Each structure stands twice: as C-alpha cells, then as structure tokens.
Amino acid sequence: MFKRILIANRGEICLRIMRACREMGIETVCVYSTADKDAPYLRLADRAICIGTGPAKESYLNIARIIAAAEIADVDAIHPGYGFLSERPDFSQACRDCKIEFIGPTPEAMAMLGDKVACKQTAKANKVPIFPGSEGAIEDEEEAVGVANKIGYPVIIKAAAGGGGRGMRVCRNEATLRSSIRAAQQEAAAAFGNGAVFIEKFLEHARHIEVQVLGDKHGHAVHLFERDCSMQRRHQKVIEEAPAPGLNPKKREQVCESAARLIRAAKYHSAATVEFLMDQDQNFYMLEVNTRVQVEHPVTEMITGIDIVKATIMVAAGHELPWRQKDITMRGHAMECRINAEDPDKGFRPCAGLITRFEPPGGPGVRMDTHVVTGYTVPPNYDSMIGKLICHADDREQCMNRLARALREFHVEPIKTTIPLHERLMQDGPFRQGGIDIHYLERLLK
Ligand code: MV4
C-alpha cells in the first residue's frame, strides 16, 4: 500500500480523501493556494504545501507546481479528486513520467472515454445503447443534413471534446442545422482545441441516470447501481439520489450491466460514471463517461456500504477489487442536497465571505460532507459548493422526510445558501412522486 499520498484538490473533497487516507494508515500531503491558506481542513494533513495564488491556473491547475510539491514531499501517489486536473490525460501522463501513481485511469483510457466520438464508437461495439446519429465526426453541412434526414428532427450538435452541456446546439429543422454546423465546429475549435462535432437524435423529455462503476488493474469491473440526477439547473446538479425512483428492475440490470461492460472494454481502472438519458418508456442511451470520482459519490456509498474513495486508492495500489458483482447489493434510499453559497433570489449569484454561524445537522441517517466550520471564509475564487447533506433511510419517502428534518436543523449565517431551495423541493409534489425530468427545476424557478 502507499505510504504517502498528495491530494491535488481543495475543500470538501480534499477533506473526504484525507479521511479515507487516515483510516487506511496513509500519510497525506495537501497542496493549497494562498486563497485557502487559513482553511481549517489543511491542519488535518500531515503536510501542507502552498503552490500559488488564488486563481486556479496559478495553483490547482498548475501541473508543474503540483508535481514539484509531490517530488519535494516524496509521495507515492496523487489523488486528483473531481474538477481541476482530474480528467486531464496530460496530468495522468505527467504522473506516469515522474513515477508517481495517478489515482485514476491511464491517460489512454481517459483520452478515449473523454472523446465523445471515440466513446460512442466503443459503446456501439459493445452493445451499449447510444442515440442514433453520425457514426463519427461530421465533415460538412451536406453530411449533417444527410444524417438528420435519416434520423429525423430534432437533432443535437455536440462537440467531441465538449461535455457537461458545453458546446451543444439543438436544431429543429434543416435551415437551423445548415446555419449551425460550421459555427459549432468553429466554437468547438476555439473552446476545446478540437473542432470535431457530431450529431444525434435529440430527446425532449428525459431523466438523467448515471451508473457508478469501479474497475481494477486485473480486468475486473463491477457496477454500484445507478443514481438519478435529473434535478439540475444550467447543467449544475442540485439533488442526486439512488436508486432511481420507479426504475424497472430489468431496466436497472440492463443499464448497469451496459455501463460495466463499457468500462471493461476500455480496460479501465479506478472509479467511473457512465451517464445515460432515459425516456418515458425507460429506454436508455449513453451520453458520456466521467473518468473521476464524482461530487455525488456519497449517495452510492450510502446504499451499497462501499467506500468509493478507498476503493480508488486500493486499485491504484494494484489490489484486486474485493467483490464480485453478486456481492454488491443495495439497501434503502439515499439522497444528496448540494449546499451552495448562492443567492437563489439573485439568479443564484455566488456569495463569498465570512460564515459567523455554521451549525450542520446530525442524528440517524445523516451524513454531512463539508470543510466548512464557524469562522470559515468562503473564498471568491472557486465554485460555490460549500458542502453536501446526504440522508439515508429505508425508502424514498422516509429519506425525504429525514432530509426535510435535517435541513430544518441546518443554520448558516450570514451568507445566502441553497438550503431554503432544498426545503421547498423536499415538499414539492411532482418531485415527491418521483420521475421528474431534467428540465423540471428550470421551469419551477421561472
Ligand atoms: C442530450 C439531450 C437530449 N438528447 N442528448 C447535456 C449535458 C451533456 N452531457 C449532454 N446533455 C444533453 N444531451 C440528446 N441526444 C439533452 C441533454 C441535456 C441534459 C442532459 C443531462 C442533464 C441535464 C441536461 C440538461 C439539458 C440538456
């Protein structure tokens, strides 16, 4: 096992990884920017190294500085967490070049799955359902029109190197498609340094279902069931839950097995999430693969009892996954509310500043993943998520009642947070019924 790990991240996920390391007897090295220098979680590290100033490009996105810190501290491995460098093949490669274990996939697996065109081709070859559309990248307007005529409108143009909703355009007729295709290519080239775009059938009313997968270096991969992340706004998830409400057990088996098959085919190791859209008849189509530990991993941990962060460390160290698929079962229901320092009355504008009162909830079935304490100052440089409140209970209704109770106990002053929004959503009729679509929240807030 590793003796010492560097955590190339900040905030709650840095603390989450540190907690896993401590329980595994692994020493931790945290890197931090000057904007985070007084953050209390840094005192839990065995060593903390300043790597630059507040802007992420000067610190958490600076590969050379992070590798230099890793060399100075003589670590065996680096955990990237989520965001920042977590899905950058060049970072995984830099670790390999310096003989430091990257706690995540190889640069090759990351690059293949991160390219939406290559990923769809691998999915197709392994009988993972995908949307009908162009086989590869689209060369010109005529090819796009030809594909659209075959599959029918509406269609969506996506960038091969895009993701998380960036670089997408919906086209409802030939005129819009004709005028969009070149603009989309140019936009993609400017934004991602790769102008490749593809088109596929656009699904109007969909749920976002994603499957958690774990692979090891011995060719084994298992799934940890699905999450429903349909409660979102502007491609930012607001609530995630597991299992997906109302999902037919046969469909569950199919979607989860498809995800595991794809990850096996990619010779993938570490944690991954395979995203799908699901229509009203529970037909599912793969969207993309996230090659990192995700923000919402705790809901899966709560229903399976598996520590996903520890698993990523174990498999990076070369251990075999200690379970076969039949050993993994789910129990009860879990739901996570993302707590953001934002003002819902001002278009969800981020609210940085000093927190003078922070009283998190507790009690049975309540998990709070946060780095925030009373006296903490939210820096303005990073994303506005200050923590995650996760509840687990025997069923979905009790889980939502528990979250409503926990949210009521939760006090954060004086900054505005998304706590009142979550309180409202816990009482929302259509959401309580289960099976809202990905556009529900945006319509509700209008
Ligand atoms: C789609 C789609 C409908 N049809 N693809 C948005 C993020 C990126 N991962 C893919 N996305 C979508 N792809 C087809 N063929 C609708 C979306 C989409 C969406 C997907 C998941 C969660 C929220 C979303 C919000 C708007 C659009």
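Here is a short report on the structure shown in this document. Note that this is a predicted model, so its numbers are computed, not measured. (Residues numbered from 1 in each chain as written. Predicted model: local features only at pLDDT ≥ 70, side-chain atom pairs only at ≥ 80, totals over all residues. Heavy atoms only, no water.)

**Things to note about the packing of aromatic side chains**
1) Next: Under the defined criterion, the tally for this structure stands at 7 aromatic pairs.
2) Next: With 5.6 Å between their ring centres and 90° between their planes, Phe-276 and Phe-284 make a pair best called edge-to-face.
3) Next: Three or more aromatic residues joined by ring pairs make a cluster, and in this case those are Tyr-60, Phe-84 and Tyr-382.
4) Next: It is Arg-396 that lies over the ring of Phe-431; its NZ or CZ is 5.0 Å from the centre. (Phe/Tyr/Trp six-rings, centres within 6.5 Å; stacked < 30°, edge-to-face > 60°. Lys NZ or Arg CZ within 6 Å of the ring centre and 35° of its normal.)

**Details of helix H10 (residues 308-316)**
1) Next: Most of H10 is tucked away, with 7 of its 9 residues classed as buried.
2) Next: Those residues of H10 lying buried are Ile-308, Val-309, Ala-311, Thr-312, Ile-313, Val-315 and Ala-316.
3) Next: Between the side-chain oxygen of the N-cap and the backbone nitrogen of Val-309 there are 3.2 Å, and the N-cap of H10 in question is Asp-307.
4) Next: One or two steps after H10, the chain reaches Gly-318, where phi turns positive at roughly 100°. (Buried < 20%, exposed > 50% of the residue type's maximum accessible area, 1.4 Å probe, protein only. Helix = DSSP H or I, 4+ residues; strand = E, 2+ residues; numbered from the N terminus. Polar contact = N/O pair within 3.5 Å; in protein donor to acceptor, adjacent residues only side chain to side chain.)

**Focus on the sheet that holds strand E10 (residues 221-233)**
1) Next: Strand order in this open sheet of 8 strands is E13-E12-E9-E10-E11-E14-E21-E19, and the pairing throughout is antiparallel. Every interior strand has two partners, whereas the edge strands, strand E13 (284-290) and strand E19 (366-370), have only one. For this sheet, the mean inter-axis angle between neighbouring strands, taken without regard to orientation, is 25°.
2) Next: Of the strands in this sheet, E19 and strand E21 (385-393) are in contact with helix H1 (residues 11-23), which crosses E19 at around 115°. (Pairing = 2+ DSSP bridges. Axes fitted to C-alpha atoms, helices over the stretch in contact; angles between N-to-C directions. Contact = heavy atoms within 4.5 Å.)

**Points about the sheet that holds strand E8 (residues 197-201)**
1) Next: Ordered by their spatial adjacency, 3 strands build an open sheet running E7-E6-E8, and the pairing between neighbours is antiparallel. A single partner strand is all that each edge strand has here, and the edge strands are strand E7 (169-171) and E8. Within this sheet the neighbouring strands show an average axis-to-axis angle of 25°, counted without direction.
2) Next: Of the strand pairs in this sheet, strand E6 (residues 155-159) and E7 are connected by 3 bridges, and their pairing is antiparallel.

**Thoughts on the site of the ligand**
1) Next: Neighbouring residues of the ligand: 18 residues in total, closest Lys-158, Glu-200, Lys-201, Leu-203 and Glu-288.
2) Next: One of the side-chain N or O atoms of Lys-158 is found 2.9 Å from a nitrogen atom in the ligand.
3) Next: In this structure, Glu-288 approaches the ligand through a side-chain N or O atom, which is 2.7 Å from a nitrogen atom.
4) Next: When the ligand sits alone it has 520 Å² of accessible area, and the protein chains cover 92% of it.
5) Next: Elements with a minimum of two residues in the shell around the ligand: E6, E8, strand E12 (270-278) and E13.
6) Next: Class assignment of the residues belonging to the shell around the ligand gives a composition of 8 nonpolar, 5 polar and 5 charged. (Near = heavy atom within 4 Å. Areas by Shrake-Rupley, 256 points an atom, 1.4 Å probe, with all protein chains shown as cover. Nonpolar A, V, L, I, M, F, W, Y, C, P; charged D, E, K, R; others polar.)

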